[in-house]
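# Structural features, examined
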Protein chains: 2
Amino acid sequence: MIYELYYWPTIQGRGEFVRLSLEEAAADYVDVARQPARQGMGTPALLRALEDGALAQPAFAPPFLKAGKLVIGQTANILQFLGPRHGLAPRAEAGRLWTHQLQLTIADLVAEAHDTHHPIASNLYYEEQKAAARQRAADFTRHRMPKYLGYFEQILERNPRRGGYLAGGRLSYADLSLFQMVEGLRYAFPRAMARLESGHPRLIALHDRIAARPRIAAYLSSSRRLPFSEEGIFRHYPELDT
Amino acid sequence: MIYELYYWPTIQGRGEFVRLSLEEAAADYVDVARQPARQGMGTPALLRALEDGALAQPAFAPPFLKAGKLVIGQTANILQFLGPRHGLAPRAEAGRLWTHQLQLTIADLVAEAHDTHHPIASNLYYEEQKAAARQRAADFTRHRMPKYLGYFEQILERNPRRGGYLAGGRLSYADLSLFQMVEGLRYAFPRAMARLESGHPRLIALHDRIAARPRIAAYLSSSRRLPFSEEGIFRHYPELDT
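Residues numbered from 1 in each chain as written. Chains lettered and ligands numbered in written order. Predicted model: local features only at pLDDT ≥ 70, side-chain atom pairs only at ≥ 80, totals over all residues. Heavy atoms only, no water.

An unreviewed UniProt entry lists chain A under the name Glutathione S-transferase, from Noviherbaspirillum cavernae.

Turning to the overall build of chain A, a few remarks are in order. Counting its secondary structure elements, chain A contains 9 helices and 4 strands. Helices (α) and strands (β) of chain A occur, in sequence order from the N terminus, as β-α-β-α-β-β-α-α-α-α-α-α-α. Taking the principal axes of its C-alpha atoms as reference, chain A extends roughly 50 × 45 × 35 Å. In chain A, of all internal contacts separated by at least 6 residues, the share reaching a separation of at least 24 is 70%. Of the roughly 9900 Å² of accessible surface on chain A, a fraction of 51% belongs to carbon and sulfur atoms. Distance from the positive charge centre (30 side chains) to the negative charge centre (25 side chains) of chain A: 5 Å. (Helix = DSSP H or I, 4+ residues; strand = E, 2+ residues; numbered from the N terminus. Contact = heavy atoms within 4.5 Å. Areas by Shrake-Rupley, 256 points an atom, 1.4 Å probe, with all protein chains shown as cover. Lys, Arg positive; Asp, Glu negative; His and termini not counted. Charge placed at Lys NZ, Arg CZ, Asp CG, Glu CD.)

Residues and elements named next belong to chain B. In terms of strand pairing, strand 1 (residues 3-6) meets strand 2 (residues 29-31) through 3 bridges, oriented parallel. Along strand 2, the bridge assignment pairs glutamate 4 with valine 30. As paired elements, strand 1 and strand 3 (residues 64-67) share 3 bridges and run antiparallel to each other. Across the sheet, glutamate 4 pairs through a bridge with lysine 66, a residue of strand 3. (Pairing = 2+ DSSP bridges.)

Here we come to the side chain of threonine 141 of chain B. Residue and element names in this part refer to chain B. When you line up the elements, threonine 141 lands in helix 5 (residues 130-158). By relative accessible area, threonine 141 is classed as buried at 3%. A polar contact is formed between the side chain of threonine 141 and the backbone oxygen of alanine 138, at a distance of 3.3 Å. Sequence-distant contacts of threonine 141, defined by excluding residues within four places in its chain, comprise Pro146, Phe189, Ala192, Arg195, Leu240 and Thr242. (Buried < 20%, exposed > 50% of the residue type's maximum accessible area, 1.4 Å probe, protein only. Polar contact = N/O pair within 3.5 Å; in protein donor to acceptor, adjacent residues only side chain to side chain.)

Below you can see the structure in the form of structure tokens.
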């Protein structure tokens with residue numbers, strides 16, 4: 001079976017968390033909206049799937065994944081579907097729940113990171129909400145980032161399995177998502193991260209080990225990996241990085 | 001086994017989504033922080049559990065649920081744990097994933113509803129972010145509420161099983177959460193909801209049927225059901241309800 005990932009074709013965004021797991025799994029997948037429209041794919045195919053009135057279980061927003069007859073939405077939900085199928089989640093229920101809990105906490109941080117540049121409304125430009133963005137970003141870098149990073153550092157420290165992963169003794173999709181979280185924060189808030197990284201050595205070590213995994217390294221240096229930009233979730237506006 | 005729910009004792013908040021499922025399931029549970037501190041419970045027990053340095057898998061924030069040896073955090077994760085155990089989720093994987101997807105979408109709306117009164121920072125007072133709150137709330141009532149409500153109405157309309165539930169032909173935890181979502185929006189934004197309800201008849205009908213379920217009705221009229229207030233997630237500030 002070939003998975004079909006439906007996500008915006010020009011940004012990493014939330015879709016990137018799914019891409020990273022698919023890449024680490026070496027899964028067969030098509031990133032639909034990034035394929036040519038003349039082959040029936042591209043953004044038109046994404047929009048058609050989003051607005052398909054015949055679909056009984058439409059997603060509220062991208063990303064969503066077609067897997068045979070299933071259409072699965074919500075990033076964390078897609079990952080908990082993929083995880084056990086590709087050795088990227090613990091087998092036992094307790095471990096799966098814990099991995100998912102961590103993923104949902106990463107999702108919360110991602111939403112907050114988005115809102116630093118869009119604190120008022122997603123459908124307004126950043127320039128229209130710059131004053132509020134400055135205030136929200138100041139709180140994010142001063143209070144929220146340290147709280148989240150401290151939390152994940154603590155999880156790594158307390159994990160009784162000594163492999164340096166978040167959940168149990170093996171790599172999971174939550175580790176891949178943590179890598180992306182660190183990447184995004186470094187891109188958007190390099191000054192804040194420069195301050196914080198030395199206090200979170202386990203987190204940074206895990207990030208670095210993920211980056212060095214052969215499939216992830218190959219992906220990151222391929223054209224499949226889109227660059228960060230000021231269209232995505234993690235955006236670098238120097239005035240927000242204090 | 002008696003479940004232990006850990007959540008703030010004076011607000012509905014995110015804990016309410018868990019309480020509703022526990023009540024509908026007639027599950028044995030203790031709402032720990034609402035019990036007397038002199039019995040070793042109350043808020044001190046919640047804070048001790050939150051700050052327990054011996055816990056290998058601490059939650060980032062309440063609510064979390066102790067179930068035997070498991071400690072499960074993140075509202076939607078708790079519900080996907082409880083659902084299959086208490087007949088509140090479809091049995092097959094596809095149905096479970098779909099129910100969870102809907103719950104995560106409700107969670108997104110809940111986070112946005114919170115941010116209408118706290119668009120800048122959770123650790124500032126509403127009064128310190130009132131101007132931004134007005135702007136964010138205006139976007140929420142004008143664009144986001146219609147989008148979410150329209151989405152769930154469409155799900156109910158497209159469900160091939162004719163029972164009037166969100167997922168499949170039977171009640172699930174997502175239906176209970178949808179009830180709470182409507183309750184919260186009615187409390188916080190009565191004017192906006194008065195405008196919107198007639199366009200969403202299936203959603204309101206489902207809400208009303210949930211309210212009339214014997215165990216839910218008994219819960220709602222008991223002292224276990226806390227009132228909405230301006231300390232919770234759904235807050236009624238008339239100036240935000242336009």
